[in-house]
Amino acid sequence: MRGLVSLRDLSDAQVASILELAGRCREGFHPEGSLRGRTVTTLFYEPSTRTRVSFERAARLLGAEVLGFDPAGSSVEKGEGLADTVSTLAAMGSDLFVVRHPMVDVPALVQRWSGVPVVNAGAGRGEHPTQSLTDALTLVRRFGSLKGLRMGIVGDVANSRVARSHLELFPRLGMELSLIGPATLLPDHDPWGVSRCHHLDPELGDLDVVYLLRVQAERGAGRGIPSLGGYARRFGLGEDRLSSLKPSAVIMHPGPLNRGVEIDDAAADGEQSLIREQVANGVPLRMAVLAQVMGVAS
Ligand code: CP
């Protein structure tokens, strides 16, 4: 595997291999020291808590040295361009870049410019491959086979790189996906051919996975809805809607949460929520990705 820029780059066998290794790491298998002597550089041009910290923890658990690059306080503030920043960090001995950026093409560009593997940690409205793989690990651990399960992706799909990665990954794992949200927050272009619905309540009882998305105000999502309160009433998963769920259904969210908007405390912290499990699984999943990209584990 040469980097992980897009899930389209992974064969079904590679997806299965990552999930299998991540599952073993989750159970305590640590291929410790497998990245000893290697340097992993995190290059985050957008904010992050879960993704960045879990990549850094995963790299350290594998024995790598971690360089965390922050554009704030760096020579980016003096006008240094991305290509020169990447070239500078590559010259210091980076063996792999983990890249988050508001522009979709940047992870692929960094891989081309630097000549070292890149793992896409979220690029604009493009993809977030390791979030989807983390969520697949979480669902496999809960349900075993995913074949025939129904996932409703609820909310700001138009702005969501997580949703785009889910639409690439989960049908390949046998799941049926639907998009649920106001027309203004669903993508205009639909190459996936999945069903779309503008009302949450009629769908809830049929879903095995309710996957909630954050309304991304920083990408202008607020312009697509009259108010956050109105959105919460139509599409928010609150205590009043929990009784509509199948007893076996699970609630997921990639984080960060807008509590009181797309989800409330009863849904986020209740028995059907897998949100903390998603976060916990992020570390072993990223260990598996780093090990396989660096060719030190199979
Ligand atoms: N899910 C996710 O990407 O979270 P962060 O932005 O905190 O990394």
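Structure: above.
The present account deals with the structure reproduced in this document.

Here is what the cut-offs are and how they apply
Residues numbered from 1 in each chain as written. Predicted model: local features only at pLDDT ≥ 70, side-chain atom pairs only at ≥ 80, totals over all residues. Heavy atoms only, no water. Helix = DSSP H or I, 4+ residues; strand = E, 2+ residues; numbered from the N terminus. Rg over C-alpha atoms; globule rule 2.2 N^0.38 Å. Buried < 20%, exposed > 50% of the residue type's maximum accessible area, 1.4 Å probe, protein only. Contact = heavy atoms within 4.5 Å. Areas by Shrake-Rupley, 256 points an atom, 1.4 Å probe, with all protein chains shown as cover. Lys, Arg positive; Asp, Glu negative; His and termini not counted. Charge placed at Lys NZ, Arg CZ, Asp CG, Glu CD. Phe/Tyr/Trp six-rings, centres within 6.5 Å; stacked < 30°, edge-to-face > 60°. Salt bridge = Lys/Arg side-chain N within 4 Å of Asp/Glu carboxyl O. Near = heavy atom within 4 Å. Polar contact = N/O pair within 3.5 Å; in protein donor to acceptor, adjacent residues only side chain to side chain. 1 Å grid on protein atoms, 1.4 Å probe; cavity = no way out; pocket = protein on both sides within 12 Å on 5 of 7 lines; lining within 4 Å. Sits in = over half its atoms within 2 Å of the grid points. Nonpolar A, V, L, I, M, F, W, Y, C, P; charged D, E, K, R; others polar. Pairing = 2+ DSSP bridges. Axes fitted to C-alpha atoms, helices over the stretch in contact; angles between N-to-C directions. Parallel < 35°, antiparallel > 145°, perpendicular 65-115°, else oblique. Left-handed = near helix turned anticlockwise from the far one by under 90°. Points joined across faces, edges and corners; volume = space filled by probe spheres on them.

**Looking at the overall build of the protein**
Step number 1: Within the protein one finds 11 helices and 9 strands.
Step number 2: Relative to the compact-globule value of 19 Å for 298 residues, the protein shows a C-alpha radius of gyration of 19 Å, a close match.
Step number 3: Counting only C-alpha atoms, the protein reaches 55 × 45 × 35 Å along its principal axes.
Step number 4: Residue burial in the protein is summarised as follows: out of 298 residues, 55% are buried.
Step number 5: Considering only contacts in the protein between residues 6 or more positions apart, those separated by 24 or more positions represent 74%.
Step number 6: Total accessible area computed for the protein in this model is approximately 12,500 Å², and 49% of it derives from carbon and sulfur atoms.
Step number 7: Averaging the locations of the 32 positively and 34 negatively charged side chains of the protein gives two centres separated by 2 Å.

**Some remarks on the packing of aromatic side chains**
Step number 1: Inspection of the entire model under this criterion finds 2 aromatic pairs.
Step number 2: Arranged with centres 6.4 Å apart and planes meeting at 40°, the rings of Tyr-45 and Phe-69 form a pair that is tilted. With Tyr-45 in the loop between strand E1 (39–44) and helix H2 (50–61) and Phe-69 in strand E2 (residues 65–69), this pair connects stretches of sequence that are 24 residues apart.
Step number 3: Residue classification places Tyr-45 among the partly exposed residues on the basis of a relative accessible area of 22%.
Step number 4: Owing to a relative accessible area of 13%, Phe-69 belongs among the buried residues under this scheme.
Step number 5: The interplanar angle of 35° and the centroid separation of 5.5 Å between the aromatic rings of Tyr-231 and Phe-235 together place this pair among those described as tilted. You can see Tyr-231 and its partner Phe-235 sitting in helix H8 (residues 228–235), 4 residues apart, about one turn around the helix. Take Tyr-231 and Phe-235: they sit in the same class, and that class is buried.

**Comments concerning the pattern of salt bridges**
Step number 1: Inspection of every chain in the model, using the stated rule, returns 15 salt bridges.
Step number 2: In this structure, the salt-bridge partner of Glu-176 is Arg-150, at a minimum N-O distance of 3.5 Å. You can see Glu-176 sitting in strand E6 (residues 176–180) and its partner Arg-150 sitting in strand E5 (residues 150–154), a full 26 residues away along the chain.
Step number 3: Look at the salt bridges and you will find they share partners, linking Arg-26, Glu-27, Arg-141 and Glu-277 into a network.

**So, the site of the ligand**
Step number 1: The environment of the ligand is formed by Ser-48, Thr-49, Arg-50, Thr-51, Arg-100, His-128, Gln-131, Pro-254 and Gly-255.
Step number 2: A distance of 2.8 Å separates an oxygen atom of the ligand from a polar atom in the backbone of Thr-49.
Step number 3: Comparing atom positions with the cavity grids shows the ligand to sit within the largest pocket.
Step number 4: Partitioned by chemical class, the residues of the shell around the ligand number 1 nonpolar, 6 polar and 2 charged.

**Section: the sheet that holds strand E7 (residues 195–197)**
Step number 1: Here we have 5 strands laid out as an open sheet, ordered E7-E6-E5-E8-E9, and parallel in their pairing. Of all the strands in the sheet, just E7 and strand E9 (250–252) have a single pairing partner and so form its edges. Geometrically, the sheet is characterised by an average inter-axis angle of 25° between neighbouring strands, direction not taken into account.
Step number 2: In the sheet, E6 pairs with E7 via 3 bridges, with the strands oriented parallel. Bridged to Ser-178 within E7 is Ser-195.
Step number 3: On the sheet, helix H5 (residues 129–143) packs against E5, strand E8 (209–212) and E9 and is oriented at approximately 165° with respect to E9.

**Some points on the packing of helix H1 (residues 12–26) against helix H11 (residues 275–293)**
Step number 1: Between H1 and H11, the least distance of the axes is 8 Å, while the angle of their chain directions is 120°. By the angle between their axes, H1 is oblique relative to H11. The chirality of how H1 crosses H11 is right-handed. Here Gln-14, Ser-17, Ile-18, Leu-19, Leu-21, Ala-22, Cys-25 and Arg-26 of H1 lie close against H11, whose contacting residues are Glu-277, Ala-280, Asn-281, Pro-284, Leu-285, Met-287, Ala-288, Val-289, Ala-291 and Gln-292.
Step number 2: For the contact of H1 with H11, the class distribution of residues is 12 nonpolar, 4 polar and 2 charged.

**Section: empty space enclosed by the protein**
Step number 1: The tally for this structure, following the rule as stated, stands at 1 cavity of 30 Å³ or more.
Step number 2: Of the pockets and cavities examined, the largest cavity occupies roughly 100 Å³.
Step number 3: As for the largest cavity, its lining consists of Arg-50, Ser-54, Gln-131, Thr-134, His-253, Pro-254, Gln-278, Val-279, Gly-282 and Arg-286.
Step number 4: Where the lining of the largest cavity is concerned, the elements lending two or more residues are H2, H5 and H11.
Step number 5: Examining the composition of the lining of the largest cavity, we find that 4 residues originate from one element, H11, more than from any other.
Step number 6: Across the lining of the largest cavity, the residue classes tally to 2 nonpolar, 6 polar and 2 charged.

**A closer look at the layout of surface pockets**
Step number 1: A volume near 400 Å³ is recorded for the largest pocket.
Step number 2: Together, 20 residues line the largest pocket, and Arg-100, Arg-161, Arg-214, Gly-255 and Pro-256 are the ones closest to its centre.
Step number 3: Counting only elements with at least two residues in the lining of the largest pocket, the list comes to H2 and helix H6 (161–169).
Step number 4: Its volume calculated, the second largest pocket comes out at about 270 Å³.
Step number 5: Around the second largest pocket sit 16 residues that line it, and Ser-6, Arg-8, Val-104, Gly-126 and Glu-127 are the ones nearest its centre.
Step number 6: In terms of residues, the lining of the second largest pocket owes the most to one element, H6, which gives 3 residues.
Step number 7: When grouped by side-chain class, the residues that make up the lining of the second largest pocket number 7 nonpolar, 3 polar and 6 charged.

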